[in-house]
Amino acid sequence: TANDPALGTGHELAVSDGAASGTRVIADLVPGPGSPTIPKMLVAGGRCWIEADDSLWCSDGSTAGTVLVLPGGRELASAAALPYGTVLLSASDGAQSRLWRTDGTAAGTSPFTLVPSPASVTEFGGRVLLSDGEPWITDGTSGGTVLLRDIRPGAAASMQGSFVVFGALGAFVADDG
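Fair warning: this is a prediction, and the values are worked out from it, not measured in the lab. (Residues numbered from 1 in each chain as written. Predicted model: local features only at pLDDT ≥ 70, side-chain atom pairs only at ≥ 80, totals over all residues. Heavy atoms only, no water.)

Caption draft 1: Highlighting the pattern of salt bridges. Tallied over the full model, the rule gives one salt bridge. Ionic pairing is found between Arg152 and Asp175, a salt bridge with its closest N-O pair at 3.4 Å. Of this pair, Arg152 sits in the loop between β15 (145-147) and β16 (159-166) while Asp175 sits in the segment after β17 (169-174); the two residues are 23 residues apart in sequence, bridging distant segments of the chain. By relative accessible area, Arg152 is classed as partly exposed at 27%. (Salt bridge = Lys/Arg side-chain N within 4 Å of Asp/Glu carboxyl O. Helix = DSSP H or I, 4+ residues; strand = E, 2+ residues; numbered from the N terminus. Buried < 20%, exposed > 50% of the residue type's maximum accessible area, 1.4 Å probe, protein only.)

Caption draft 2: Structural detail: the sheet that holds strand β13 (residues 127-131). Strand order in the open sheet formed by four strands is β12-β13-β14-β15, with antiparallel pairing between adjacent strands. Edge positions in the sheet fall to β12 (120-124) and β15, since each of these pairs with one other strand and no more. The average angle at which neighbouring strand axes cross in this sheet is 25°, direction not considered. Pairing between β12 and β13: five bridges, direction antiparallel. Following the sheet pairing, Ser120 is matched in β13 by Ser131. (Pairing = 2+ DSSP bridges. Axes fitted to C-alpha atoms, helices over the stretch in contact; angles between N-to-C directions.)

Caption draft 3: Molecular detail of the pairing of β12. In terms of burial, β12 is largely enclosed, as four of its five residues are buried. Between β12 and β13, which follow one another and run antiparallel, lie two residues, and Gly125 among them has a positive phi close to 55°.

Caption draft 4: Examining unusual backbone geometry more closely. The backbone of Asp53 sits at a positive phi, close to 50°, despite the residue not being glycine. Positionally, Asp53 belongs in the loop between β5 (47-52) and β6 (55-59). By relative accessible area, Asp53 is classed as partly exposed at 37%. In this model, Asp54 sits at a positive phi of 65°, which is unusual for a non-glycine residue. Tracing the backbone through its elements, the reader meets Asp54 in the loop between β5 and β6. Judged by relative accessible area, Asp54 falls into the partly exposed class, the value being 37%.

The quantities given are spatial measurements derived from coordinates; they are silent on function.
Here you go:
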């Protein structure tokens, strides 16, 4: 964030190319002199995904390309890109984590209900690894979303934490009981 006194906006979302002349405020996320709280920013699909005052924003680094994607009550957990400009966002409303599929616009953002309540999403070779306590993989379609393995059948969730991708492998920690 940066504060440009000439704008009278407080500290707001800014970009920089590393030079003073290339550093500027691009969006007034909290209209007026107030400043947003921005606890998390992630990059996925060539765009920046921003949690600001419990709303989720998408930015391509320009003023025109910075838009509100999901209003109020959301905490951004993770983001991962699928091919063709689609991004999966894992966001919590405080009570439950939920997966959203988005093209970076409010109209193009909807729940992705194929995995009950994912805690994390991780890019993996043109697909996305998901965890709701068990490992899933998706290409963003219903037919391409599968449970990789029920590690602890009939019991509480087995996965702890998120995936780590290295080369052609994805690693995670799980408890098989």
